[in-house]
Amino acid sequence: MDRSIVILLAMILLAAPKVPNAAPLYYSEIGTTYVNYATAYSNGHKIVPVPPLIEDTLYTVYAYNDETCHFAYSYDRGQNWESQAFTATLWGNAHNPSLDVHNSLPYVVSRGDSAGIGEVFLKCPLDWSTPQRISYTPGHSTLPAIAIDDSGNMHIVWQDDTPGNQEIYYCCAQYDTSVSDIVNVSNDSGASDTYPSIGIYNGNEVHIIWERYNPNSYSPYSIPRRYLSNGNWSDEELLAGETHIPLHHPNLDYSHGEENLSATWEDSTSGQFDAYFYGGNGGGWSTPGDSRHPVVSTMDTIWSYTYWEDDSEGFDDIYAYLYHCMSGWNSYEFRDFYADEDMHHPSVANCYVVWTQGNTPPYKVMFACEGYPTYIKETKTVSGKISLSIVPNPFKHKTDIRWNLEGEASEIAGLSLRIYDALGRVVKQFDPQTTKLSGRVTWQGDDTSCKRLPRGTYFCILESDKVIQLHKIVMLK
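Residues numbered from 1 in each chain as written. Predicted model: local features only at pLDDT ≥ 70, side-chain atom pairs only at ≥ 80, totals over all residues. Heavy atoms only, no water.

Draft legend 1. Quick peek at the overall build of the protein. When helices and strands are tallied, the protein shows one helix and 37 strands. Counting every position in the protein, which comprises 477 residues, the buried fraction comes to 59%. Sequence-distant contacts, at least 24 apart, represent 51% of the contacts inside the protein between residues at least 6 apart. Working note: accessible area of the protein is about 19200 Å², and carbon and sulfur atoms make up 48% of it. (Helix = DSSP H or I, 4+ residues; strand = E, 2+ residues; numbered from the N terminus. Buried < 20%, exposed > 50% of the residue type's maximum accessible area, 1.4 Å probe, protein only. Contact = heavy atoms within 4.5 Å. Areas by Shrake-Rupley, 256 points an atom, 1.4 Å probe, with all protein chains shown as cover.)

Draft legend 2. Spatial organisation of the side chain of T33. Looking at the secondary structure, you find T33 in strand β1 (residues 26-33). At a separation of 3.3 Å, a polar atom in the side chain of T33 contacts the main-chain amide nitrogen of V35. Here Y64 takes part through its backbone oxygen, which lies 3.3 Å from a polar atom of the side chain of T33. When neighbours within four sequence positions are excluded, T33 is seen to be in contact with A38, A63, Y64, T356, P362, Y363, K364 and V365. (Polar contact = N/O pair within 3.5 Å; in protein donor to acceptor, adjacent residues only side chain to side chain.)

Draft legend 3. Highlighting the pattern of salt bridges. What the rule picks out here adds up to 14 salt bridges. Two residues, R335 and D342, come together in a salt bridge whose shortest N-O distance is 2.7 Å. Of the two residues examined, R335 and D342, each falls in the buried class. Between K364 and E341 there is a salt bridge, with the nearest N and O atoms lying 3.1 Å from each other. (Salt bridge = Lys/Arg side-chain N within 4 Å of Asp/Glu carboxyl O.)

Draft legend 4. Up close: the nonpolar core. Ranked by internal contacts, the top residues of the largest apolar core, which has 55 residues, are Y307, F334, W355 and F367. Grouped together as the second largest cluster of nonpolar side chains are 19 residues, I390, F395, I419 and M475 included. (Core = buried A, V, L, I, M, F, W, Y, C linked by side-chain atoms within 4.5 Å.)

Draft legend 5. Focus on the environment of K123. By the secondary structure assignment, K123 is in strand β8 (residues 117-123). C-alpha separation for the pair K123 and Y107, spaced 16 residues apart in sequence, amounts to 5.7 Å. Setting aside residues up to four positions removed in sequence, K123 forms contacts with T87, A88, P106, Y107, V108, W128, S129, P131 and Y175. Of the polar contacts made by the side chain of K123, one reaches the backbone oxygen of D127; its length is 3.1 Å. There is a polar contact of 2.4 Å between the side chain of K123 and the backbone oxygen of S129.

Draft legend 6. A look at the sheet that holds strand β23 (residues 274-279). Pairing is antiparallel in the open sheet, where three strands are placed in the order β20-β22-β23. Looking at which strands have only one partner, the edges of the open sheet turn out to be β20 (247-252) and β23. Adjacent strand axes in the sheet meet at a mean angle of 20°, parallel and antiparallel pairs treated alike. In this structure, β20 lies alongside strand β22 (residues 262-267), joined through four bridges in antiparallel fashion. Bridge pairing in β22 links L252 to A263. (Pairing = 2+ DSSP bridges. Axes fitted to C-alpha atoms, helices over the stretch in contact; angles between N-to-C directions.)

Draft legend 7. Highlighting the state of the cysteines. Throughout the structure, instances matching the rule amount to zero disulfides. In this structure C172 is not part of a disulfide, and its nearest cysteine sulfur, from C171, lies 7.3 Å away. (Disulfide = S-S within 2.5 Å.)

Okay, here's the thing in structure tokens:
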């Protein structure tokens, strides 16, 4: 790459017309479904990319009919998909799936029903082991969500009515080996606590938000939050409320170590439901109709992808509202690009969004790639193994960057290794003499003048004339 990324980024952004509508980079059909809520609900993520940030492999999970789910995967960044049925429970049924990824493998939590009572199960769709039971309660457990940290700890939340009212339960699992003690994180005997969402912020803090309705209060609605840090739970605090205005369907950003919490939910202050965005870069606007099931994916103050279901024009559509710090906000409506059909239940992770589409069954499960606002040149097709790893990540003082190229990939020329900030500026370039086909360097969070950089998000790019690999790095305090 002869010119710097920041120059190319500026050229692309300045050349692009600043119009109110923006098209997706590309889209595809994942598979079919017989329910129009296949990608519901927004509290648990339905699509995840496999790191690094330029992700070739994507996983998604969705409801196929009233009793079963499908798992789908793509190895070309969502242009083509393969899907398969999977049994995520001991009883052969599965509901409300949610997934995350660790060491390139997907892990799904879902609800299984036996005699009308739901329990939560954990399953990797790519192995043949027996589904791992997570919840052991006499009540009904449902709407699970999962977030996996860098150590492979699988943090799982769900709602459960064992105490006689709905509460939010949490546990930490090691796949196929152990499950920690179950914790009631809401523990409010007078309220109904539902729709938990989970994310990882500030390195390894596990954050949970949920919807609360307290019928004994004049202001019964709120969005509470708690987080787990160094083995200790924080006190409960409210992101919104207490209010007499209904608040519904909270959703946390798909985050693995980002510093700033970003969330969204439905707010009815204006008289109908609107998508409200907390933290991040904001988003959304008031519409004449109801805006439901909002979702968000944000990286600090650099970019945001926000979506919600909306019926303002007399039919169900999905609105997209996309932000980049150098170009501002752009928007479009899904019906203008995909089909003149009903659109339901978006779910987003990074720049990838899935949803359910169609007027009558069988419906379609759809995918779109919005592209990243920071310019990265296209990768040429190269066979052979290409690996780039950064451990630990996030890090505080130093991190090891390791790479290895084999097969045709080892025939490349001009290999370089650079660190960029979130605006695309080179902050660190390693000595080309040390950048060989396989190797290791230690980065201490400094720039080219050995000055410590501020905490935040950076990108490590391994580049040659044929290939580019990129990892997002989060540097803590």
